[in-house]
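# Examination of the molecular architecture
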Amino acid sequence: MADVPRHRALGLTDAQVLEMYRYMALARAVDERMWLLNRAGKVPFVISCQGQEAAQAGAGFALDRGRDWLCPYYRDLCLVLIWGHTARTELLAAFAKAEDPNSGGRQMPGHYGDRRLRILSGSSPVGTQIPHAVGIALAMKMRGEDAVCYVSFGEGTSNQGDFHEALNFAGVHKLPVIFFCENNKYAISVPERRQLACANVADRAQGYGFEGVIVDGMDALEVYRVVREAVDKARRGGGPTLIEAKTYRLSPHSSDDDDRSYRSREEVEEARRGDGIERMRQYLVSVGLLDEEAEERMRQTIRAEVDEATEYAERAPYAAPETLMHHVYAEEV
Amino acid sequence: MADVPRHRALGLTDAQVLEMYRYMALARAVDERMWLLNRAGKVPFVISCQGQEAAQAGAGFALDRGRDWLCPYYRDLCLVLIWGHTARTELLAAFAKAEDPNSGGRQMPGHYGDRRLRILSGSSPVGTQIPHAVGIALAMKMRGEDAVCYVSFGEGTSNQGDFHEALNFAGVHKLPVIFFCENNKYAISVPERRQLACANVADRAQGYGFEGVIVDGMDALEVYRVVREAVDKARRGGGPTLIEAKTYRLSPHSSDDDDRSYRSREEVEEARRGDGIERMRQYLVSVGLLDEEAEERMRQTIRAEVDEATEYAERAPYAAPETLMHHVYAEEV
Amino acid sequence: MAVKLYIEAIHDALAEEMARDARVFVLGEDVGVRGGVFRVTQGLLERFGEARVIDTPLTESAIVGVAIGASAAGLIPVAEIQFADFILPAVNQIISEAAKMRYRSNNDWNCPMVIRAPYGGGVHGALYHSQSVEALFTHVPGLKVVTPATPADAAGLLRAAIRDPDPVLYFEHKKLYRSVRGEVAESDDPVPIGRAKVQREGDDITVITYGLGVHLALEAAGRLADDGISAHVLDLRTLRPLDEEAILEAARRTGKVLIVHEDNKVCGVGAEVSAMIAEHALFDLDAPIRRLAGPEVPAMGFAPTLEKAYMLSVDGVAEAMRALARF
Amino acid sequence: MAVKLYIEAIHDALAEEMARDARVFVLGEDVGVRGGVFRVTQGLLERFGEARVIDTPLTESAIVGVAIGASAAGLIPVAEIQFADFILPAVNQIISEAAKMRYRSNNDWNCPMVIRAPYGGGVHGALYHSQSVEALFTHVPGLKVVTPATPADAAGLLRAAIRDPDPVLYFEHKKLYRSVRGEVAESDDPVPIGRAKVQREGDDITVITYGLGVHLALEAAGRLADDGISAHVLDLRTLRPLDEEAILEAARRTGKVLIVHEDNKVCGVGAEVSAMIAEHALFDLDAPIRRLAGPEVPAMGFAPTLEKAYMLSVDGVAEAMRALARF
Ligand SMILES: Cc1ncc(C[n+]2csc(CCOP(=O)(O)OP(=O)(O)O)c2C)c(N)n1
Ligand SMILES: Cc1ncc(C[n+]2csc(CCOP(=O)(O)OP(=O)(O)O)c2C)c(N)n1
Ligand SMILES: [Mg+2]
Ligand SMILES: [Mg+2]
């Protein structure tokens, strides 16, 4: 046993764990590109996944992209990339172009949605997606399908009434839904301790009659393990799980934020040292799956992908003004 | 110690515990009268406290009527009687008469409120009073007053978003508020197990970083004890407590309900055998504070009080139609 | 043709739609074992089973939010809000989510769902069991709002709402439940959403109304006829989208318009109807556009004096109609 | 007289009211350390301390609900909703509770509180950071709604709102924050709630508007003046209660009315203004009452093409004014 690498013990192939890493690196690269574009005045708004890629990658690989449903939140860039979106789709969204599959440039970036991929369209008011996920899970149960629905949100959002009502509903009806809290320690400027007085968001699960699990969100493999368990349980009819991934938001809340007013640079630097991408890299090196050359190759491919995506998205057309009136109701065009 | 009667050990005098009992009996008598009047077609609506008097009496005596605040819910007849309302005020409300101190006949009975007594006016949408209580407690803390705010609600209501948001707020700000859930096993026709999947409403306190306490709501003295502890803690700056009193609703949900469609007569009869008023009576007899004669005297006084109140309320005038337009805003009349 | 109570028409149409389409299901508070506090869903649990008639926890936002998710996943939820007054905790889910799902996803997702809620007063419901809430939603693009006044429309509009690919708010007036009876066709044809109906033809004045107001206006029109005043009564039936053509036609027909609704007047649906006429048929008017609506107070009181003072009455409507005819 | 930005006027008036009355306190998301996401409450924490500038959890219903309780207990909360779009989870507390507290308790209790929220578009806010939500509240008896357009009114109406014994919704247009500058008196006089203001006198056509619309209308009026068309511009300032006298006077003055607002047209505030005129000044009109308002879509898109297509513009307003003048 001691010789089996962690990912294999968890049932992940070498190729899979490398893919996981690639998605994390890709997400980071897309995210960083968006900031550059924002600072260059080319895209008006960015909201970041930086620091939360490991949690999202672990969760994404534990789910089944062929049947499960997502109700993601605005930081889930890495997750939706795993789910089938690409640097191109997300740069199209950042540039607000018509071809953006999430909303055709109607919504801000980070407002994911794609029917083809079973990603339900999300909005800005936080927490509203949580009851939606419960409704999807209810449909799965009613139709006897063995898919699960995954929904994510921040720790600040776990204080919204919709969180409570949704988890309670799922508990009473034992629905196949995974509640995934990406606790990144801040809700804009408000630190965790001024958002909630309990030690862990996961402690709230007890109030809904199902299990709450805390996981190190900087450890993609550990996240994979606990989400996998929750997914298996849900498929077996065992009902929901609330998982809290402890992460850290490395970037400001958004491109409109200046986080120096509410947290020290030291704190951020300290957190950066625990970055889940770096941890995964070290793991892959330690088990002999990655060396400098392979890393460099991967980075180049990613850079090319992001460059191509940027170029494509920048050139792509905006939605025509007259489309403003389309799709308020069905068949109106 | 073995010789000290329970109530004395709790710090209640003989007179106090007798008063407690009297209020419970008075509440029951007023409530029963309202049903009679409803069945006779004289009052259009009744909502009952039957089965919950012991919980309310215990809580009412643990609070300080001279300084504490109440945000009660529609079943808290016994509590508001303790707080200074009377058979007369509540029959005025039942008859929807102008002199009703709660709302001047504007609201249904059971919608308590009285500024003079620090009872904040309540509404029908359930749970909205819970954040109000937190706001009152916030004001107490800001002004450095040592009053606490007490708020009550049913177990069904503990699923509303407002419950969650309010308890979380109180936990974060460590406010002097007592959250009192009167778990009477049903929310109209929906049994507890279809309302929530956790074993106890009190289990939810953990998610807010403060204590949750379960108490036998049919035992007024035990309720007194736990509420007293919570009140003392709150006054000392120790923050909120969520108390769940396990009770049973002996009557239908309201005069518009027919509870035979969703629960058996046997179940109700079984619960009636544990009625908190009868338990208190037996206790008082056992400690030599009550005998048949005293009981009969008390019942006669109560009957007279309720008769007088009924007569008065029935004769009292309705609000004049033109008052409809009054008090939408200040100084408008 | 069967003669049914308004409430029976709703119940039967709902049951028939559930039988017709296995995707249709009901959720709400006390809708199962209890059959709803007004008994609209009576017997549905027995007939369609627990999976399709769901007693939810006491949480309006989740009722609507879960329905949105279920509709996205291919079902057709008919969510009941026990009283229209209690729809307010669900406003965020309705306006931010259901109304905008199709638009925000650029037509990728939609919400084929119905929210039913009993509204209106005159039943001793006091401040919080008597309100009219339609005007909070008629302003919102993405929503449809219907308010049937007759058993036939109750049935037909419920069918249309259930078959509509977008979210529909279906408000049923409590006072009509057991006080109005009428013919309902055996066929399961829907009544098209967005089409008003002339309930009475007339030439002197036009009353535009909906819900309970239709019955008051028709009775008042009967009285006025005895005095030789001929009133035209248009039942809006759908409040969003309004039937502009029918409204303008009705306004032009007599040149004198009275708009009647129980909901508060200011910024109520009547304001839009009036503005529509003032924008498109101004020169066809022979009199100022009048509105007779609920007074500007939060809601009606419990005391019978206050309830009566709030509610519209045949007398009041007739008086307003006469005054307009005299103009 | 000091010249201030719109946002400065709000900030300063708020700080001055807090200094004047110890009962006034601020609560909301990120209002403390961060000074608000738009910086309206910048520096208040440092000046008034944590007890009076409270960073709340991310819970709009609790922000309003807690404010209601605190106001009942004698304080004067100024609650900030970070974006008007996010007021929807608090609608139940606002409409069922704050608006009805005085009425339901027969004048025993009241809610002296203010809810501030930045609204409106034109700042790349996309669907959910650009909405106008005022029409959801202008229908509700018990509420007051103000929408200042100038720094002076922003200061004066905020003072009035804070001193009002009833709940006031104070909507501040995001696009005006740093784009509009104007004189603000040194005195701390409030601007009375419920009073519109003539922002420009004119004789040919009347524009009735509020918020950003005021600036568009004034600029358009300037252009029209060059062509010899004289426009009268009325700034509503308060949307509930509407200043009926001022509206009717402005309508009668020119007999030609254009109502302009960014919020969606159907059942918007403009509908009530129009209905009011059609009810009380119909025969003074020389032209149909026109409304120029946000298109009937859920909100404006993120893409600049879509935002531009949604937003009112000086060109658009001027064109509508010219068309009306020609009528
Ligand atoms: C209902 C609502 N209120 C306020 C906001 C503004 N807002 C956007 S994100 C955010 C903080 C969210 O914090 P958290 O849930 O912890 O997620 P994080 O951004 O930290 O990932 C706030 C207040 C919003 N989007 N929706
Ligand atoms: C928001 C809202 N939804 C629905 C109702 C209708 N209603 C009144 S009481 C009640 C059940 C309340 O159950 P619970 O909280 O357990 O209190 P209980 O009546 O059992 O004491 C319901 C559904 C309401 N008053 N408010
Ligand atoms: Mg966070
Ligand atoms: Mg109960």
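See above for the structure.
Residues numbered from 1 in each chain as written. Chains lettered and ligands numbered in written order. Predicted model: local features only at pLDDT ≥ 70, side-chain atom pairs only at ≥ 80, totals over all residues. Heavy atoms only, no water.

Take empty space enclosed by the protein next. Throughout the structure, instances matching the rule amount to 11 cavities of 30 Å³ or more. Together, 17 residues line the largest cavity, and Glu-165 of chain B, Ser-61 and Pro-89 of chain C together with Ser-61 and Pro-89 of chain D are the ones closest to its centre. At the level of secondary structure, the elements contributing two or more residues to the lining of the largest cavity comprise helix H7 (161-173) of chain A together with helix H7 (161-173) of chain B. Residue classes in the lining of the largest cavity are distributed as 4 nonpolar, 9 polar and 4 charged. (1 Å grid on protein atoms, 1.4 Å probe; cavity = no way out; pocket = protein on both sides within 12 Å on 5 of 7 lines; lining within 4 Å. Points joined across faces, edges and corners; volume = space filled by probe spheres on them. Helix = DSSP H or I, 4+ residues; strand = E, 2+ residues; numbered from the N terminus. Nonpolar A, V, L, I, M, F, W, Y, C, P; charged D, E, K, R; others polar.)

Counted by the stated rule, this structure contains 34 aromatic pairs over all chains. With a centroid separation of 6.0 Å and 50° between ring planes, the pair formed by Trp-69 of chain A and Trp-109 of chain C is classed as tilted. With one member in each of two chains, Trp-69 of chain A in strand S1 (residues 69-71) and Trp-109 of chain C in the loop between helix H5 (101-104) and strand S5 (114-119) form a pair that bridges those chains. Of the two residues, Trp-69 of chain A and Trp-109 of chain C, both sit in the buried class. With a centroid separation of 5.9 Å and 15° between ring planes, the pair formed by Phe-179 of chain A and Phe-210 of chain A is classed as stacked. Residue Phe-179 of chain A is found in strand S3 (residues 177-183), and its partner Phe-210 of chain A is found in the loop between helix H8 (192-195) and strand S6 (211-216); the two are separated by 31 residues along the sequence. Aromatic ring contacts, followed pair by pair, group Phe-153, Phe-163, Phe-179, Tyr-208 and Phe-210 of chain A into a single cluster. The ring of Phe-61 of chain A has Arg-65 of chain A sitting right over it, with the charged end atom 4.8 Å from the ring centre. (Phe/Tyr/Trp six-rings, centres within 6.5 Å; stacked < 30°, edge-to-face > 60°. Buried < 20%, exposed > 50% of the residue type's maximum accessible area, 1.4 Å probe, protein only. Lys NZ or Arg CZ within 6 Å of the ring centre and 35° of its normal.)

What follows concerns the site of ligand 1. Taken together, 21 residues lie around ligand 1, and Tyr-73, Tyr-74, Thr-157 and Tyr-186 of chain A together with Glu-60 of chain D are the ones closest in. Near ligand 1, the surrounding residues are drawn from chains A and D. Interatomic distance of 2.6 Å between a side-chain N/O atom of Tyr-73 of chain A and an oxygen atom of ligand 1. Ser-124 of chain A is positioned such that a nitrogen or oxygen atom in its backbone is 3.0 Å from a nitrogen atom of ligand 1. (Near = heavy atom within 4 Å. Polar contact = N/O pair within 3.5 Å; in protein donor to acceptor, adjacent residues only side chain to side chain.)

Position of Asn-159 of chain A relative to the elements: it lies in the loop between strand S2 (149-154) and H7. Given a relative accessible area of 0%, Asn-159 of chain A falls into the buried group. At 2.9 Å, the side chain of Asn-159 of chain A forms a polar contact with the side chain of Gln-195 of chain A. Those residues in contact with Asn-159 of chain A that sit more than four places away from it in its chain are Gln-195, Leu-196 and Arg-204 of chain A, His-164, Glu-165 and Asn-168 of chain B together with Pro-57, Leu-58 and Thr-59 of chain D. (Contact = heavy atoms within 4.5 Å.)

This next bit is on the coordination of the magnesium ion (ligand 4). Residues and elements named next belong to chain B. The protein atoms that coordinate the magnesium ion (ligand 4) are Glu-155 (OE), Glu-155 (OE), Asn-184 (OD1) and Tyr-186 (O), at distances spanning 2.1 to 2.6 Å. What the 6 donor atoms of the magnesium ion (ligand 4) show is an angle range of 52 to 173° at the metal, which sorts the shape as irregular. Summarised as a motif, the one-chain spacing of the donors to the magnesium ion (ligand 4) is E-x28-N-x1-Y. In this pair, Glu-155 is assigned in the loop between strand S2 (149-154) and H7 and Tyr-186 in strand S4 (residues 186-187), connecting sequence segments 31 residues apart. (Donors = N, O, S within 2.8 Å, 3.2 Å for Na, K, Ca; no water. Tetrahedral: all angles 85-135°; square planar, octahedral: opposite > 155°, others 65-115°.)

Attention shifts here to the packing of helix H2 (residues 14-39) of chain A against helix H3 (residues 53-62) of chain A. Residues and elements named next belong to chain A. One can describe the packing of H2 onto H3 by two numbers: an axis separation of 10 Å at closest approach and a directional angle of 135°. If you check the angle between H2 and H3, you find them oblique. In the crossing of H2 with H3, the sense of the turn from one axis to the other is right-handed. On the side of H2, the interface is formed by Gln-16, Glu-19, Met-20, Tyr-23, Met-24, Ala-27 and Arg-28, while H3 contributes Glu-53, Ala-54, Ala-57, Gly-58 and Phe-61. Within the contact of H2 with H3, the residues separate by chemical class into 7 nonpolar, 2 polar and 3 charged. (Axes fitted to C-alpha atoms, helices over the stretch in contact; angles between N-to-C directions. Parallel < 35°, antiparallel > 145°, perpendicular 65-115°, else oblique. Left-handed = near helix turned anticlockwise from the far one by under 90°.)

A few words on the interface of chain D and chain C. For an interface, size is often stated in terms of accessible area lost upon the parts coming together. Every contact between the two is made by 46 residues of chain D and, on the other side, 46 residues of chain C. Here chain D meets chain C over a buried area of about 4400 Å², counting both sides, of which 63% is carbon and sulfur. Our enumeration of links across chain D and chain C arrives at 8 salt bridges. The shortest N-O distance in the salt bridge between Glu-279 of chain D and Lys-265 of chain C comes to 3.3 Å. For the pair chain D and chain C, the interface holds 22 residue pairs in polar contact (both at pLDDT 80 or more). (Buried area = accessible area lost by both parts, 1.4 Å probe. Salt bridge = Lys/Arg side-chain N within 4 Å of Asp/Glu carboxyl O.)

Attention shifts here to the packing of H2 of chain A against helix H9 (residues 220-235) of chain A. Residue and element names in this part refer to chain A. It is at 11 Å that the axes of H2 and H9 come closest, and there the two elements cross at 110°. Overall, the two elements H2 and H9 adopt an arrangement that is roughly perpendicular. Here the hand of the crossing between H2 and H9 comes out right-handed. Along its contact with H2, which presents Val-17, Met-20 and Met-24, the element H9 presents Ala-220, Leu-221 and Tyr-224. Of the residues contributing to the contact of H2 with H9, the split by class is 6 nonpolar, no polar and no charged.

The next point concerns the pairing of strand S5 (residues 114-119) of chain D. All names here are of chain D. For S5, the buried fraction is high: 6 of the 6 residues fall into the buried class. Here S5 shows a buried face lined by Val-114, Arg-116 and Pro-118 and a second buried face lined by Ile-115, Ala-117 and Tyr-119. The sheet contact formed by strand S4 (residues 76-80) and S5 spans 3 bridges and is parallel. Considered in S5, the bridge of Ala-79 is made with Ile-115. Pairing geometry for S5 and strand S7 (residues 168-173), over 6 bridges, is parallel. If you follow Tyr-119 over to S7, its bridge partner there is His-173. (Pairing = 2+ DSSP bridges.)

All names here are of chain B. Reading across the sheet, the 5 strands line up as S1-S2-S3-S7-S6 and stay open at both edges, with parallel pairing between neighbours. The open sheet has two free edges, formed respectively by strand S1 (69-71) and strand S6 (211-216), since each of these has just one partner strand. Across this sheet, the average inter-strand angle for adjacent strands is 20°, counted without regard to direction. Here 6 bridges tie S2 to strand S3 (residues 177-183), and the two strands are oriented parallel to one another. Its bridge partner being in S3, Val-151 is matched across the sheet by Phe-179.

Glancing now at the coordination of the magnesium ion (ligand 3). When four donors bind a metal tetrahedrally, each ideal donor-metal-donor angle is 109.5 degrees, and when six bind octahedrally, the ideal angles are 90 or 180 degrees. Residue and element names in this part refer to chain A. Around the magnesium ion (ligand 3), the donor atoms from the protein are Glu-155 (OE), Glu-155 (OE), Asn-184 (OD1) and Tyr-186 (O), and they sit 2.1 to 2.6 Å away. For the magnesium ion (ligand 3), the 6 donor atoms in the first shell make angles of 52 to 172° at the metal, a pattern classed as irregular. Taken in chain order, the donor set of the magnesium ion (ligand 3) reads E-x28-N-x1-Y. Residue Glu-155 is classed as buried on the basis of its relative accessible area, which comes to 0%. Assessed through its relative accessible area of 9%, Tyr-186 is described here as buried.

Let us look at the interface of chain B and chain D. Across the boundary between the two partners, chain B contributes 40 residues, which contact 42 residues of chain D. Summed over both sides, the interface of chain B with chain D buries roughly 3300 Å², with 62% coming from carbon and sulfur. If you look at where chain B meets chain D, you find 0 salt bridges. Linking chain B with chain D are 21 residue pairs in polar contact (both at pLDDT 80 or more). Elements with a minimum of two residues in the side of chain B that touches chain D: helix H6 (129-143) and H7 of chain B. The biggest single contributor to the side of chain B that touches chain D is H6 of chain B, with 10 residues. Grouping the amino acids of the side of chain B that touches chain D by side-chain chemistry returns 18 nonpolar, 15 polar and 7 charged.

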